[in-house]
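Next come the chains, spelled out residue by residue.
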Amino acid sequence: MTKGRQARGATPLRLPPQAPPLPPEQQQPILVPIGFQFNPTDLELVTYYLRKKLIGEDFPLSRIIIHEVNVYGYHMVTLAQTYPRANDNEWYFFTPRECKHVNGICPNRMVVNGFWKATGSLFKIVHQGQVVDSKRTLVFFERESKHGIKMNWIMH
(Lines give C-alpha, C1' and ligand atoms only; values in the text may rest on other atoms or scores of the structure.)
Protein backbone atom coordinates (compact mmCIF):
# COMPACT_ATOMS: atom_id res chain seq x y z
CA MET A 1 0.00 0.00 0.00
CA THR A 2 1.46 3.32 -0.95
CA LYS A 3 0.24 6.77 -0.17
CA GLY A 4 1.59 9.53 -2.34
CA ARG A 5 1.26 13.28 -2.03
CA GLN A 6 2.60 16.42 -3.58
CA ALA A 7 3.86 19.13 -1.27
CA ARG A 8 2.27 22.57 -1.42
CA GLY A 9 4.06 24.84 -3.87
CA ALA A 10 5.65 21.82 -5.49
CA THR A 11 7.93 22.11 -8.47
CA PRO A 12 6.01 21.28 -11.65
CA LEU A 13 7.20 18.06 -13.24
CA ARG A 14 7.71 17.53 -16.93
CA LEU A 15 6.09 14.40 -18.26
CA PRO A 16 8.73 12.34 -20.05
CA PRO A 17 7.82 11.38 -23.62
CA GLN A 18 8.61 7.70 -23.02
CA ALA A 19 5.96 7.24 -20.28
CA PRO A 20 3.92 4.14 -21.15
CA PRO A 21 0.21 4.76 -21.78
CA LEU A 22 -2.24 3.57 -19.15
CA PRO A 23 -4.63 0.74 -20.04
CA PRO A 24 -8.03 1.99 -21.35
CA GLU A 25 -9.95 0.78 -18.29
CA GLN A 26 -7.74 2.97 -16.10
CA GLN A 27 -8.13 6.12 -18.22
CA GLN A 28 -11.79 6.78 -17.43
CA PRO A 29 -12.30 9.36 -14.65
CA ILE A 30 -14.40 8.22 -11.70
CA LEU A 31 -16.04 10.82 -9.50
CA VAL A 32 -16.55 10.59 -5.75
CA PRO A 33 -19.49 12.27 -3.96
CA ILE A 34 -19.18 16.01 -3.29
CA GLY A 35 -17.64 16.67 0.10
CA PHE A 36 -16.27 13.14 0.42
CA GLN A 37 -12.94 12.89 2.25
CA PHE A 38 -10.80 9.80 2.67
CA ASN A 39 -8.28 10.27 5.45
CA PRO A 40 -7.47 6.92 7.10
CA THR A 41 -4.74 6.44 9.69
CA ASP A 42 -1.76 4.20 8.93
CA LEU A 43 -3.26 1.56 11.22
CA GLU A 44 -6.58 1.66 9.32
CA LEU A 45 -4.79 1.37 5.99
CA VAL A 46 -2.92 -1.75 7.12
CA THR A 47 -5.47 -3.53 9.34
CA TYR A 48 -8.58 -2.79 7.28
CA TYR A 49 -7.89 -1.89 3.65
CA LEU A 50 -4.69 -3.84 2.99
CA ARG A 51 -5.96 -6.90 4.90
CA LYS A 52 -9.19 -6.92 2.86
CA LYS A 53 -7.16 -6.60 -0.34
CA LEU A 54 -4.92 -9.53 0.62
CA ILE A 55 -7.82 -11.86 1.43
CA GLY A 56 -9.70 -10.83 -1.73
CA GLU A 57 -12.60 -8.98 -0.07
CA ASP A 58 -14.00 -5.90 -1.70
CA PHE A 59 -14.81 -2.80 0.32
CA PRO A 60 -16.89 0.29 -0.43
CA LEU A 61 -15.31 2.64 -2.95
CA SER A 62 -12.27 0.36 -3.19
CA ARG A 63 -11.59 0.97 -6.88
CA ILE A 64 -12.37 4.69 -6.67
CA ILE A 65 -10.22 5.68 -3.70
CA ILE A 66 -7.38 3.14 -3.59
CA HIS A 67 -6.23 2.51 -7.13
CA GLU A 68 -4.57 -0.73 -8.14
CA VAL A 69 -1.62 0.16 -10.37
CA ASN A 70 2.12 -0.41 -10.46
CA VAL A 71 3.29 3.09 -9.49
CA TYR A 72 6.83 2.24 -10.60
CA GLY A 73 5.65 1.83 -14.20
CA TYR A 74 4.50 5.43 -14.57
CA HIS A 75 5.79 8.92 -13.94
CA MET A 76 4.09 10.62 -10.98
CA VAL A 77 2.58 13.31 -13.21
CA THR A 78 0.85 10.60 -15.27
CA LEU A 79 -0.61 9.04 -12.14
CA ALA A 80 -1.68 12.40 -10.72
CA GLN A 81 -3.42 13.36 -13.98
CA THR A 82 -5.11 9.98 -14.41
CA TYR A 83 -6.44 9.09 -10.96
CA PRO A 84 -8.71 11.19 -8.74
CA ARG A 85 -7.31 12.40 -5.45
CA ALA A 86 -8.53 10.94 -2.19
CA ASN A 87 -8.19 14.39 -0.58
CA ASP A 88 -5.91 17.44 -0.83
CA ASN A 89 -2.93 16.35 -2.92
CA GLU A 90 -3.08 12.72 -1.78
CA TRP A 91 -3.54 9.56 -3.81
CA TYR A 92 -3.69 5.97 -2.53
CA PHE A 93 -2.42 2.98 -4.53
CA PHE A 94 -2.09 -0.76 -4.14
CA THR A 95 1.14 -1.58 -5.95
CA PRO A 96 3.22 -4.76 -6.19
CA ARG A 97 6.61 -4.84 -4.54
CA GLU A 98 9.39 -5.65 -7.00
CA CYS A 99 12.97 -6.54 -6.16
CA LYS A 100 16.10 -5.42 -8.01
CA HIS A 101 17.37 -8.98 -8.30
CA VAL A 102 15.52 -12.27 -8.74
CA ASN A 103 16.61 -13.71 -5.39
CA GLY A 104 17.14 -10.39 -3.63
CA ILE A 105 15.20 -8.45 -1.04
CA CYS A 106 16.21 -4.92 -2.09
CA PRO A 107 13.18 -3.14 -3.58
CA ASN A 108 13.35 -1.77 -7.11
CA ARG A 109 12.20 1.85 -6.92
CA MET A 110 13.17 2.97 -10.44
CA VAL A 111 10.41 4.64 -12.45
CA VAL A 112 10.13 6.29 -15.84
CA ASN A 113 12.75 9.05 -15.86
CA GLY A 114 13.38 8.93 -12.10
CA PHE A 115 13.53 6.96 -8.87
CA TRP A 116 12.15 6.89 -5.32
CA LYS A 117 14.77 7.30 -2.61
CA ALA A 118 14.19 6.12 0.97
CA THR A 119 14.63 8.82 3.60
CA GLY A 120 14.65 8.55 7.37
CA SER A 121 14.12 5.38 9.34
CA LEU A 122 11.28 2.87 9.44
CA PHE A 123 8.19 4.03 11.29
CA LYS A 124 6.45 1.25 13.22
CA ILE A 125 2.67 0.91 13.04
CA VAL A 126 1.50 -0.36 16.43
CA HIS A 127 -1.88 -1.81 17.46
CA GLN A 128 -2.58 -2.79 21.07
CA GLY A 129 1.13 -2.87 21.88
CA GLN A 130 2.00 -5.09 18.89
CA VAL A 131 3.90 -3.93 15.80
CA VAL A 132 1.61 -4.80 12.88
CA ASP A 133 3.66 -3.23 10.09
CA SER A 134 6.12 -0.49 9.29
CA LYS A 135 6.39 2.28 6.76
CA ARG A 136 9.17 4.29 5.20
CA THR A 137 9.08 7.70 3.59
CA LEU A 138 10.25 7.88 -0.03
CA VAL A 139 11.08 11.03 -1.99
CA PHE A 140 10.93 11.22 -5.78
CA PHE A 141 14.02 12.25 -7.75
CA GLU A 142 13.81 13.07 -11.43
CA ARG A 143 16.79 11.72 -13.31
CA GLU A 144 18.21 14.58 -15.30
CA SER A 145 21.69 14.18 -13.88
CA LYS A 146 23.73 11.35 -12.42
CA HIS A 147 22.16 11.70 -8.98
CA GLY A 148 18.77 13.11 -9.91
CA ILE A 149 16.91 16.26 -8.92
CA LYS A 150 14.82 16.11 -5.77
CA MET A 151 11.15 16.82 -6.48
CA ASN A 152 8.30 17.52 -4.07
CA TRP A 153 6.58 14.14 -4.40
CA ILE A 154 6.53 12.02 -1.24
CA MET A 155 5.37 8.42 -0.79
CA HIS A 156 4.70 6.61 2.49
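See above for the structure.
On a predicted model such as this, the values are computed, not experimentally measured, just so you know.

## So, the overall build of the chain
No. 1: Broken down by element type, the chain carries 3 helices and 7 strands.
No. 2: Classification of the 156 residues of the chain by burial places 38% in the buried group.
No. 3: Partitioning the contacts of the chain with sequence separation of at least 6, the portion at a separation of at least 24 is 66%.
No. 4: As displayed, the chain offers around 9,800 Å² of accessible surface, 54% of which is attributable to carbon and sulfur atoms.

## Side note on the nonpolar core
No. 1: Of all hydrophobic cores here, the largest spans 16 residues; its most connected members are L79 and W116.
No. 2: For this core, the secondary structure elements donating two or more residues are α3 (76-82), β3 (90-94), β6 (130-142) and β7 (149-155).
No. 3: Excluding residues within four positions of it along the chain, W116 makes contact with Y72, M76, R109, V111, L138, V139, F140, W153, I154 and M155.
No. 4: In this structure, F38, L50, I64 and A86 belong to the second largest nonpolar core, which totals 11 residues.

## What about the pairing of β3?
No. 1: When you tally the buried positions in β3, you get 5 out of 5 residues, the bulk of the element.
No. 2: Pairing geometry for strand β2 (residues 66-68) and β3, over 3 bridges, is parallel. Across the sheet, H67 pairs through a bridge with F93, a residue of β3.
No. 3: Viewed along the sheet, the connection from β2 through α3 into β3 turns out right-handed.

## Quick word on the side chain of E142
No. 1: Structurally, E142 can be placed in strand β6.
No. 2: The buried category is assigned to E142, whose relative accessible area is 2%.
No. 3: Among the polar contacts listed, one links the side chain of E142 to the side chain of H75, at a separation of 3.1 Å.

## What about the packing of aromatic side chains?
No. 1: Per the counting criterion, the structure on display carries 5 aromatic pairs.
No. 2: Here the aromatic rings of Y83 and F93 are separated by 5.7 Å at their centres, their planes lie at 85°, and the arrangement is edge-to-face. Here F93 lies in strand β3 and Y83 lies in the loop between α3 and β3, a separation of 10 residues in the sequence. Just as Y83 is buried, F93 falls in that class too.

## Notes on the pairing of strand β5 (residues 114-127)
Within a regular beta strand, the side chains point alternately toward one face of the sheet and then the other, so they alternate between its two faces.
No. 1: Bridge count for strand β4 (residues 110-111) against β5 is 2 bridges, and the pairing is antiparallel. Its bridge partner lying in β5, M110 is registered against F115.
No. 2: Joining the antiparallel neighbours β4 and β5 is a turn of 2 residues, in which N113 adopts a positive phi near 60°.
No. 3: Pairing analysis gives 11 bridges linking β5 to β6, with the strands arranged antiparallel. In the strand pairing of β6, T119 is matched with T137.

Rules used throughout
- Residues numbered from 1 in each chain as written.
- Predicted model: local features only at pLDDT ≥ 70, side-chain atom pairs only at ≥ 80, totals over all residues.
- Heavy atoms only, no water.
- Helix = DSSP H or I, 4+ residues; strand = E, 2+ residues; numbered from the N terminus.
- Buried < 20%, exposed > 50% of the residue type's maximum accessible area, 1.4 Å probe, protein only.
- Contact = heavy atoms within 4.5 Å.
- Areas by Shrake-Rupley, 256 points an atom, 1.4 Å probe, with all protein chains shown as cover.
- Core = buried A, V, L, I, M, F, W, Y, C linked by side-chain atoms within 4.5 Å.
- Pairing = 2+ DSSP bridges.
- Right-handed = clockwise from strand over helix to strand, strands pointing away.
- Polar contact = N/O pair within 3.5 Å; in protein donor to acceptor, adjacent residues only side chain to side chain.
- Phe/Tyr/Trp six-rings, centres within 6.5 Å; stacked < 30°, edge-to-face > 60°.

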